[in-house]
Amino acid sequence: MRHARGQSLPDWLALRTGNLGVFPDGVAYPTSTGDVRDLLTYAKEAEAFIIPYGGGTSVVGHITPEERGNPVLTIDMGRMNRLLSLDKESQIATFGAGAAGPDIEAQLRAQGYTLGHFPQSFEFSTLGGWVATRSSGQQSLRYGRIEHLFAGGQLEAPAGTLEIPPFPASAAGPDMREMVLGSEGRLGILTDVKLRVTPLPEWERFHVVFFPDWQTAVAAVRSAAQARIPLSMLRLGSSVETETQLTFAGHERLIALFERLLSWRGIRVEKCMLMFGVTGTRVQCRTALKQALQICKRNKGVHTGTYMGRKWAQSRFLAPYLRNSLWEKGYAVDTLETATNWQSVDQMVNAIESALSGVLESEGERIHVFTHLSHLYPQGSSIYTSYIFRVGKTYEETLARWQRLKMAASKVIVANGGTISHQHGIGVDHAPYLVTEKGPLGIATIETLCRQFDPNGMMNPGKLLRSFPLPGNKIQ
Ligand SMILES: Cc1cc2nc3c(=O)[nH]c(=O)nc-3n(C[C@H](O)[C@H](O)[C@H](O)COP(=O)(O)OP(=O)(O)OC[C@H]3O[C@@H](n4cnc5c(N)ncnc54)[C@H](O)[C@@H]3O)c2cc1C
């Protein structure tokens, strides 16, 4: 049952209500590359589909088996979780691809290093999953997205073994790393992954600044990103998100007092909260902090120090558990994300929020929608929207509400020229929108790549590409 579903809202509803649908017919736990090869051979003989499984934290249906007539074998990589080697001179670590966030950081920290990849699913998600979905961590501004950290490794495919050597850089034609990144289990199984690691930072602090409104706040973070100040994180909440977060924080009296103090400095109801991280040597942090605060001040920001940042750091992976408490109160919560150029950020935020707000109006339902920008680039930003809606009377009703909300937001994202995913990947939920982004030739190219690695179409069917193998097709 635990391998039948991931962590998307439909998955979560299914798990809560027992409407699980299709199960894998078997779950295997390889402990070596040899085991993985044997499993590929076995699956071919048994005419089974294979689903590579990391931590099962997919939020877009990556690991859910589909009814296609053949048996399904899920391959859980969780036992291949060791640090296999650490080249301190080149700062390259090799890990088993099933290593989850805590496995990685504990083994690296023992030797004075960090990977610095902290998605909010850090506790459970794995290296293989990160690479296969093009994941992004909370401090990607300093450490980079997984595509910057992924230096190479080994992939076992039905058609053979692909070894990707870890060059610092290469001009030798198209990059095989790029083909494996985002492959969502369609090409084969990553067995080990080579990573670019960093010595542990000497100093790290998370600062909070409040801005009077969204426009000034966005101007400030865009300037900071474009000035390439070496911050480790920038996370800007809209006024609704800021208010929601302050409410969820509890401590009603303390927050009221804090808001009164802010209002004396001109920060009132439309306030937007920015959190930024400084990470590195003390000298680097001091310089980055000074530069960032100068920009904030120029944009009417009020610096409130590191207390809230410290609290955030202590509970940075806990927010998703609120989903359970909200459910008990009769509410479902989901999130979605995109990225677009600065020119369109504002328009995109408005379009997504108004699309979501209006979807259930005919049913008399109101949706609580709020947004933050959390991965910022000189060119543009990711946009991350959360929405809370009332649970329906039945599983089907709640699922139907979610489907309408998700479809409305996804259509608006592609219509406004945003990517259908900045960090969660495609899976099943985003697959219908991929062609808008890649074009027919792009889709055909990805299909050809899949066929080359997996000629019989046995790897994770229906994910990323709906077209190959055709729904209901049996393995040839
Ligand atoms: C609460 C929550 C917060 C999240 N926050 C973030 C976030 O901040 N940033 C972010 O990027 N994502 C986030 N996600 C999404 C999710 O964690 C990522 O997509 C993650 O990369 C999935 O990793 P996983 O190991 O759990 O993979 P799984 O969910 O097990 O699998 C995902 C895909 O990867 C493939 N795969 C897994 N392992 C391998 C392997 N060894 N070889 C080949 N293919 C493989 C699977 O077949 C599948 O297609 C969040 C999810 C949740 C539930």
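Let us look at the structure shown here.

### Description of the state of the cysteines
Next, step 1: A complete count under the given rule lists zero disulfides for this structure.
Next, step 2: Sulfur of Cys-296: no disulfide; nearest cysteine sulfur belongs to Cys-272 and is 13 Å away.
Next, step 3: For Cys-296, a relative accessible area of 6% gives the class buried.

### Some points on a nonpolar patch on the surface
Next, step 1: A surface patch of nonpolar side chains, about 290 Å² in accessible area, is lined by Met-1, Leu-15 and Phe-23.
Next, step 2: For Met-1, the location among the structural elements is in the segment before α1 (9-17).

### A short note on the pattern of salt bridges
A side chain of one charge can pair with a side chain of the opposite charge if their charged atoms are brought near each other.
Next, step 1: With the rule as written, the count across this model stands at 19 salt bridges.
Next, step 2: Glu-241 is the salt-bridge partner of Arg-235, the closest N and O atoms lying 2.7 Å from each other. Summarising the burial analysis for this pair, Arg-235 and Glu-241 share the class buried.
Next, step 3: Members of the salt-bridge network, linked through shared partners, are Glu-363, Glu-365, Arg-390, Glu-397, Arg-401 and Arg-404.

### Comments concerning the sheet that holds strand β8 (residues 160-164)
Next, step 1: Across the sheet, five strands lie side by side as β4-β5-β9-β7-β8; this open sheet has antiparallel pairing. Every other strand in the sheet has two partners, leaving β4 (83-87) and β8 as the edge strands with one partner each. For this sheet, the mean angle separating the axes of adjacent strands, direction not counted, is 10 degrees.
Next, step 2: Where strand β7 (residues 150-157) meets strand β9 (residues 189-196), six bridges bridge the pair, whose relative direction is antiparallel. Residue pairing for β9: Leu-155 is matched across the bridge by Leu-190.
Next, step 3: Across the sheet, helix α2 (residues 33-45) lies against β7, β8 and β9, angled at about 40 degrees from β7, the strand it touches most.
Next, step 4: Of the strands in this sheet, β4 and β5 (92-96) touch helix α3 (residues 101-109), which is tilted by about 140 degrees from β5.

Rules used throughout
Residues numbered from 1 in each chain as written. Predicted model: local features only at pLDDT ≥ 70, side-chain atom pairs only at ≥ 80, totals over all residues. Heavy atoms only, no water. Disulfide = S-S within 2.5 Å. Buried < 20%, exposed > 50% of the residue type's maximum accessible area, 1.4 Å probe, protein only. Patch = residues over 30% accessible without salt bridge, like charges linked within 9 Å, V, L, I, M, F, W, Y side chains within 5 Å. Areas by Shrake-Rupley, 256 points an atom, 1.4 Å probe, with all protein chains shown as cover. Salt bridge = Lys/Arg side-chain N within 4 Å of Asp/Glu carboxyl O. Helix = DSSP H or I, 4+ residues; strand = E, 2+ residues; numbered from the N terminus. Pairing = 2+ DSSP bridges. Axes fitted to C-alpha atoms, helices over the stretch in contact; angles between N-to-C directions. Contact = heavy atoms within 4.5 Å.

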